[in-house]
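# Coordinate analysis (summary)
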Amino acid sequence: MPKITRRAGLRTSAALAAASLSAPWRAFGQSPAPSSTPAVDRAATTATAASAAASTPSEPPRHEGPEGALLAERLKYEGVALAAMRIRDGATTFSGASALGPLPDPRTLFELGSITKTFTALLLADAVTRGLIKLDDPVDAALPDRLKLRDSQDAPLRWVDLATQRSGLPRLPANLVVRPDLTDPYATYDWTLMAAFLSGWKADKPRDTAYEYSNLGFGLLGQALGFLQQRDYATLLRERVLVPLGLEDQIFLRPPAGRRFLDGHDKAGKPVDHWTFRPAMAGAGALLGSTGGLARYAQAALGQFDHPLKAAFALCLRRHGARDIPGAGIGLAWHGGALPGRVAFNHDGATFGFSSSLWLDPVKGNASAVLANAGVGVADLALHLLEPAIPVADMSLTRQAAVSLTPEQLQPLVGIYVLSPSMKITVRAEGNRLFARATGQQGFELFATSPLVFFAKITPLEIVFDPAEPDGRGAPALTIKQSGRNTRASREP
């Protein structure tokens, strides 16, 4: 696979963003989430303040395992409980930390969110390697009622288009209602509703021309694979993946009786309901899992024990398309990212009450994962466990002392700043408050440490504006500082 890049960072976790099942906030980096309104911006800021109070326990977080201290340090700032697994130099270790309740162990269950997509992609690769279909075959050949899936040029959508997020399907179907007060947004969405949406959907672009993260696409992928093999998603997953890999007691669609399944929490530490799925959207984010389960799954992906899915994993971990970030690539579900001298693979997940991040390093045979039972960022922790030279996010940035600025001081900073042709940052002022929002993503408030330097309380980053131009047109550019990287964006004229 050619060298491909990835922007590292954290996401925020207000309700609409979390409903996307993915890592919607990647510090102006990864997949867009539903856009926010000023009211949501203010709610996110309020939730952050509550999170600071809720996640600062009266006693230090408890921890165990070789990475436990690292996890406990994060819990001083946010979160409720964290669990981690790490495969390095042939050894697998597990760690846990908790600010509230018992420590999670390698069998404790969390909602995995969009890590589910890699399992769905593995089902696709398995069907391909068994000769049932080809990646370039049209998906609608497997669908009932002569349902047709066509792009803007009337070309059929293919299996590979769904699995690489390049189908042109929207993130969510228009007939799925996702509101901040909806606690279980996928519980009633079934194939009848999905088919109704797809029958009236009109593509606005040719297939395989743009990366557009779609939970709908992966829900459809899982459903279509079930139609193809005359199995529901749960049965197909168990027969073709979980049992062959020895994961039937670690990865689930429903929690088994007597198994510890953590309660989820929002970013402010408030308990939230678990999510449930019907088969139509299960392939996008329905799975529950443990660090023990993800360790075995990673070992299977890395070929560290014998199993019948080695060819399918190899097909998944091959570049099949491009990402929304210039030079970045995607396999079947897996996102590729460049480490020194090699390529690693990642997928993250988020529901209203859980966050997850899983990494594979096939060259070195290493892997890592971090699971949280709260809507907080964990991708930087998992990446650091995979590659220790990459630092974790500096959470102290979110606790800096802020100064007040006048509306007149903020006005020159207002504008649209271009990171790439598909990713722009809109900066707006509301009285003496400043907000930033990336294309299609959720906005958050910025707090000043000086007239040109700002930080976010909802995610550890700083934004530094250039001084305003003498002609009064405002700041010509800004620089985002996050996770040891500086990214510059120029202002639109």
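Residues numbered from 1 in each chain as written. Predicted model: local features only at pLDDT ≥ 70, side-chain atom pairs only at ≥ 80, totals over all residues. Heavy atoms only, no water.

Our focus in this paragraph is the sheet that holds strand S17 (residues 433-438). With respect to topology, 8 strands assemble into a closed barrel ordered S15-S16-S17-S18-S19-S20-S21-S22, the strand pairing being antiparallel. Across the sheet, the mean angle from the axis of one strand to that of its neighbour is 30°, orientation sign disregarded. As judged from the 4 bridges shared by strand S20 (residues 462-465) and strand S21 (residues 477-482), these two strands associate in the antiparallel manner. Opposite Val 464, over in S21, you have Thr 479 as the bridge partner. (Pairing = 2+ DSSP bridges. Helix = DSSP H or I, 4+ residues; strand = E, 2+ residues; numbered from the N terminus. Axes fitted to C-alpha atoms, helices over the stretch in contact; angles between N-to-C directions.)

Next up on the list: the sheet that holds strand S8 (residues 288-289). Strand order in the open sheet formed by 3 strands is S4-S8-S5, with antiparallel pairing between adjacent strands. Pairing within the sheet leaves two strands with one partner each, and these edge strands are strand S4 (110-111) and strand S5 (251-252). Bridge analysis of S4 against S8 gives 2 bridges, and the strand direction is antiparallel. Each residue of the ladder has a partner; that of Phe 110, found in S8, is Gly 289.

What follows deals with the side chain of Glu 111. With respect to the helices and strands, Glu 111 occurs in strand S4. For Glu 111, which is buried and forms no salt bridge, the nearest opposite charge comes from Arg 254, at a distance of 9.6 Å. Within polar-contact distance, the side chain of Glu 111 engages the backbone nitrogen of Trp 275 at 2.9 Å. Setting aside its immediate chain neighbours within four residues, Glu 111 contacts Phe 261, His 274, Trp 275, Leu 287, Leu 288, Thr 351 and Phe 354. (Buried < 20%, exposed > 50% of the residue type's maximum accessible area, 1.4 Å probe, protein only. Lys, Arg positive; Asp, Glu negative; His and termini not counted. Salt bridge = Lys/Arg side-chain N within 4 Å of Asp/Glu carboxyl O. Polar contact = N/O pair within 3.5 Å; in protein donor to acceptor, adjacent residues only side chain to side chain. Contact = heavy atoms within 4.5 Å.)

On to helix H7 (residues 215-229), then. For H7, with 15 residues, the first-to-last C-alpha span of 22 Å sits near the 21 Å given by 1.5 Å per residue. Sitting at the amino-terminal end of H7 is Ser 214, which places a side-chain oxygen 3.4 Å from the backbone nitrogen of Leu 216. Looking one or two residues past H7, Gln 230 carries a phi angle of roughly 55°, positive in sign. (Expected span 1.5 Å × (residues − 1).)

Turning next to the packing of aromatic side chains. Applying the stated criterion across every chain yields a total of 12 aromatic pairs. Ring centres 6.3 Å apart and planes at 85° place the aromatic pair Phe 110 and Phe 354 in the edge-to-face group. Within this pair, whereas Phe 110 is found in strand S4, its partner Phe 354 is found in the loop between strand S12 (342-350) and strand S13 (355-361), the two being separated by 244 residues in sequence. Phe 354 shares its class with Phe 110; the two are buried. Taking the centre distance of 5.8 Å and the plane angle of 35° together, the rings of Phe 447 and Phe 455 count as tilted. For the pair Phe 447 and Phe 455, a shared accessibility class is recorded, and that class is buried. Taken together, the aromatic side chains of Tyr 186, Trp 275, Phe 277 and Phe 352 make up a single cluster linked through ring pairs. Cation over ring: Arg 296 sits above Phe 305, and NZ or CZ is 4.0 Å from the ring centre. Cation over ring: Arg 428 sits above Phe 435, and NZ or CZ is 4.3 Å from the ring centre. (Phe/Tyr/Trp six-rings, centres within 6.5 Å; stacked < 30°, edge-to-face > 60°. Lys NZ or Arg CZ within 6 Å of the ring centre and 35° of its normal.)

Moving on: the nonpolar core. Counting residues in hydrophobic clusters, the biggest one holds 93 residues, and the most contacted among them are Phe 119, Leu 198 and Tyr 297. Among the elements that line this core, the one with the most residues is helix H4 (residues 116-129), at 8 residues. Beyond its immediate stretch of four places on either side in the chain, Tyr 297 contacts Thr 118, Phe 119, Leu 122, Leu 245, Leu 247, Phe 313, Trp 334 and Leu 358. Core analysis: the second largest hydrophobic core is formed by 24 residues, Leu 410, Leu 434, Ala 475 and Ile 480 among them. (Core = buried A, V, L, I, M, F, W, Y, C linked by side-chain atoms within 4.5 Å.)

Another point: helix H12 (residues 379-386). The α-helix advances 3.6 residues per turn, and as a result positions three or four apart in sequence lie on the same side. Burial runs high along H12: 8 of the 8 residues are buried. Listed as buried for H12 are Ala 379, Asp 380, Leu 381, Ala 382, Leu 383, His 384, Leu 385 and Leu 386. Its buried side turned inward, H12 meets helix H3 (68-75), strand S2 (81-88), strand S11 (335-339), S12, S13 and strand S14 (366-372).

Moving on to unusual backbone geometry. The phi dihedral of Arg 146 falls on the positive side, at around 55°, and the residue is not glycine. Checked against the element boundaries, Arg 146 lands in the loop between H4 and helix H5 (159-163). Looking at Arg 146, the relative accessible area reads 77%, which means it is exposed. The phi torsion at Asp 154 lies on the positive side, around 65°, for a residue other than glycine. The topology assignment puts Asp 154 in the loop between H4 and H5. You can call Asp 154 exposed: its relative accessible area is 56%.

For S21, the buried fraction is high: 5 of the 6 residues fall into the buried class. Judged from the 6 bridges that link them, S21 and strand S22 (residues 485-491) form a sheet pairing that is antiparallel. Paired with Gln 482 across the two strands is Arg 485, which belongs to S22. In this antiparallel pair of consecutive strands, S21 and S22, the connection spans 2 residues, and Ser 483 shows a positive phi of 50°.

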